[in-house]
Amino acid sequence: MGGIETYITRLCYFLRNDYSLYVLNLTSKVDSHLFLEISKNAKIINFIDITSYKAFARWNFSAINHSLPINFSMLDEVMHNIDFVHSVDSETNMVGAEVSRHYNAKFITSSYHPMEYVWDNKFYFRQVQKKLIQNIDITNIFYMNEAVKKETIDFLNIKDESDNIIPLGVNLKVYEKCTPSFGSNKIVSIGRLASFKTYNEIMIKNIDRINENNGKNFEYHIYGDGILKDELIILAKQQKSKIVFHGGVDYEKLPNIFNDTFIFVGVGTTIIESSSAGVPSIIGIGDYNAEACYGFFSQYDNYLLGEICTDCDIISFEEIFNDICKIDQKDYLKLSEKHRNKAK
């Protein structure tokens, strides 16, 4: 379960009354709850059912499946009269372009990560992916924020002055009844435990000092799995403060998590969701070496969700918590409302 998967789930929900929706799923590695939610609003087509190369597709790797040909006679049995094909990343672009060509449909792609078209390897199809994005019409490409667009067009040497930023959207109604708590001692992060998400490690390293400086008993609750989990658990055991690893979490449980939370620390889609729940939210990315961040999500008027920012303020984790611990409940609720407004 990641930001792209939850975004597709929301797109299907909001588009269901105006469009007939199909989701072509490249692998069967799915979150069961999201799969169920999508199936309520769209017809899900599994790639293994529409390719002639089923032996390869059974390996269940999107990195393989995106390069396998589609048997369109099979696909035509379940899908026809397509007007738009929306791809969400490098791999699905190849499949999306093929499907759109077959149905003479408008091909649209979005980039949801600044490194999506920047990273490289020697895999043949990676070069095909890059060549594809360099050669399609720029009016077909959309970006989720300013940083993602700049990184993409700079690296690929694409001139693009069009107004093609569409920020990520969340379902505000799901979180409008959440009640973050001024009296809570819970600091929460939600997201994959990946190397580019440095805030988990920095929070763990700083929580003892934050508690000692402010006479607090903050607990750090981490939701999510990833390759860094074992390493972070070892680091957490070296701290005196309570640090809890909850593992993966069902998407529908996020509102309950945000209830009774004092501060959220993170990036990506969940920082919009935590903010829409009224939880003051710290952008977890900044200067890793200085153990610093970009401050609160509500203080910026851009669409950035934790990407590299050249003109954002830098503040240490220790300092920002020292500041938040000085405010009273009235000011905390004002900060909460600022975050709800930013999410909107």
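Whatever comes next refers back to the structure up there.
Residues numbered from 1 in each chain as written. Predicted model: local features only at pLDDT ≥ 70, side-chain atom pairs only at ≥ 80, totals over all residues. Heavy atoms only, no water.

A. Layout of the overall build of the chain. Counting its secondary structure elements, the chain contains 15 helices and 12 strands. Rg of the C-alpha trace for the chain: 21 Å, near the compact-globule value of 20 Å for 344 residues, within the 12% margin. Burial status across the chain gives 51% buried among its 344 residues. Taking contacts inside the chain between residues at least 6 apart in sequence as the whole, the part at least 24 apart equals 62%. For the chain, the accessible surface area stands at approximately 17500 Å², while carbon and sulfur atoms represent 51% of it. For the chain, the distance from the average position of its 36 positive side-chain charges to the average position of its 44 negative side-chain charges is 3 Å. (Helix = DSSP H or I, 4+ residues; strand = E, 2+ residues; numbered from the N terminus. Rg over C-alpha atoms; globule rule 2.2 N^0.38 Å. Buried < 20%, exposed > 50% of the residue type's maximum accessible area, 1.4 Å probe, protein only. Contact = heavy atoms within 4.5 Å. Areas by Shrake-Rupley, 256 points an atom, 1.4 Å probe, with all protein chains shown as cover. Lys, Arg positive; Asp, Glu negative; His and termini not counted. Charge placed at Lys NZ, Arg CZ, Asp CG, Glu CD.)

B. Examining the state of the cysteines more closely. Taken as a whole and assessed by the stated rule, the structure comprises one disulfide. The disulfide bridge from C309 ends at C312, spanning 1.9 Å between sulfur atoms. As the torsion about the S-S bond is roughly 80°, the C309-C312 disulfide counts as right-handed. Here the two residues C309 and C312 agree in accessibility, since each one is buried. No disulfide involves C325; its sulfur sits 14 Å from that of C293, the nearest cysteine. Note on C325: relative accessible area 18%, which makes it buried. (Disulfide = S-S within 2.5 Å.)

C. Spotlight on a nonpolar patch on the surface. Among the surface-exposed residues, Y53, F56, W59 and F61 lie close enough to one another that they form a single nonpolar patch of about 430 Å² accessible area. Exposure remark for W59: the relative accessible area of 49% places this residue in the partly exposed category. (Patch = residues over 30% accessible without salt bridge, like charges linked within 9 Å, V, L, I, M, F, W, Y side chains within 5 Å. Salt bridge = Lys/Arg side-chain N within 4 Å of Asp/Glu carboxyl O.)

D. Inspection of the pairing of strand β8 (residues 243-247) at higher detail. Note: strand β7 (residues 219-223) against β8, four bridges, orientation parallel. Across the sheet, the residue bridging to I222 is F245, located in β8. The β-α-β motif built from β7, the intervening helix α11 (residues 229-236) and the parallel element β8 has right-handed crossover chirality. (Pairing = 2+ DSSP bridges. Right-handed = clockwise from strand over helix to strand, strands pointing away.)

E. Quick look at the nonpolar core. Ranked by size, the top nonpolar core spans 61 residues in total, and within it L75, V99, I190 and F258 carry the most contacts. Mapped by element, the contributors of at least two residues to this core are α5 (72-76), α6 (90-103), α7 (124-135), β5 (141-143), α8 (146-156), β6 (186-190), α12 (254-258) and α13 (269-276). In terms of residue count, α6 provides more of this core than any other element does, five residues in total. When residues no more than four places from it in sequence are discounted, the contact partners of L75 are I45, I50, I70, V99 and Y103. (Core = buried A, V, L, I, M, F, W, Y, C linked by side-chain atoms within 4.5 Å.)

F. Structural detail: the sheet that holds β8. Pairing is parallel in the open sheet, where five strands are placed in the order β8-β7-β6-β9-β10. The sheet is open, and its two borders are formed by β8 and β10 (281-283), each paired with just one other strand. If you compare each strand with its neighbour and ignore which way they point, the axes differ by 20° on average. Across five bridges, β6 lies against β7 in parallel orientation. In the strand pairing of β7, S189 is matched with I222. (Axes fitted to C-alpha atoms, helices over the stretch in contact; angles between N-to-C directions.)

G. Broad picture of the side chain of T51. With respect to the helices and strands, T51 occurs in the loop between β2 (43-46) and α3 (54-57). In contact with T51, other than residues within four places in its own chain, are A57, L68, P69, N71 and M74.

H. The arrangement of the environment of H66 in detail. Its location among the elements puts H66 in the loop between α4 (62-65) and α5. The exposure class of H66 is buried, given its relative accessible area of 3%. Residues H66 and N206, spaced 140 residues apart in sequence, show a C-alpha to C-alpha distance of 42 Å. Contacts of H66, omitting those with residues within four sequence positions, involve L26, E91, M94, V95, F123, F125 and Q129. Within the local environment of H66, its side chain forms a polar contact with the side chain of Q129, the two groups lying 3.2 Å apart. (Polar contact = N/O pair within 3.5 Å; in protein donor to acceptor, adjacent residues only side chain to side chain.)

I. Layout of the packing of helix α1 (residues 3-15) against helix α2 (residues 32-41). Between α1 and α2, the least distance of the axes is 8 Å, while the angle of their chain directions is 25°. The angle between α1 and α2 falls in the class roughly parallel. As for the relative orientation of α1 and α2, their crossing is left-handed in sense. Contacts between α1 and α2 pair E5, T6, I8, T9, C12 and Y13 from the former with L34, E37, I38 and N41 from the latter. When its residues are assigned to classes, the contact of α1 with α2 shows five nonpolar, three polar and two charged. (Parallel < 35°, antiparallel > 145°, perpendicular 65-115°, else oblique. Left-handed = near helix turned anticlockwise from the far one by under 90°. Nonpolar A, V, L, I, M, F, W, Y, C, P; charged D, E, K, R; others polar.)

As far as function goes, none of this settles anything; it's purely spatial.
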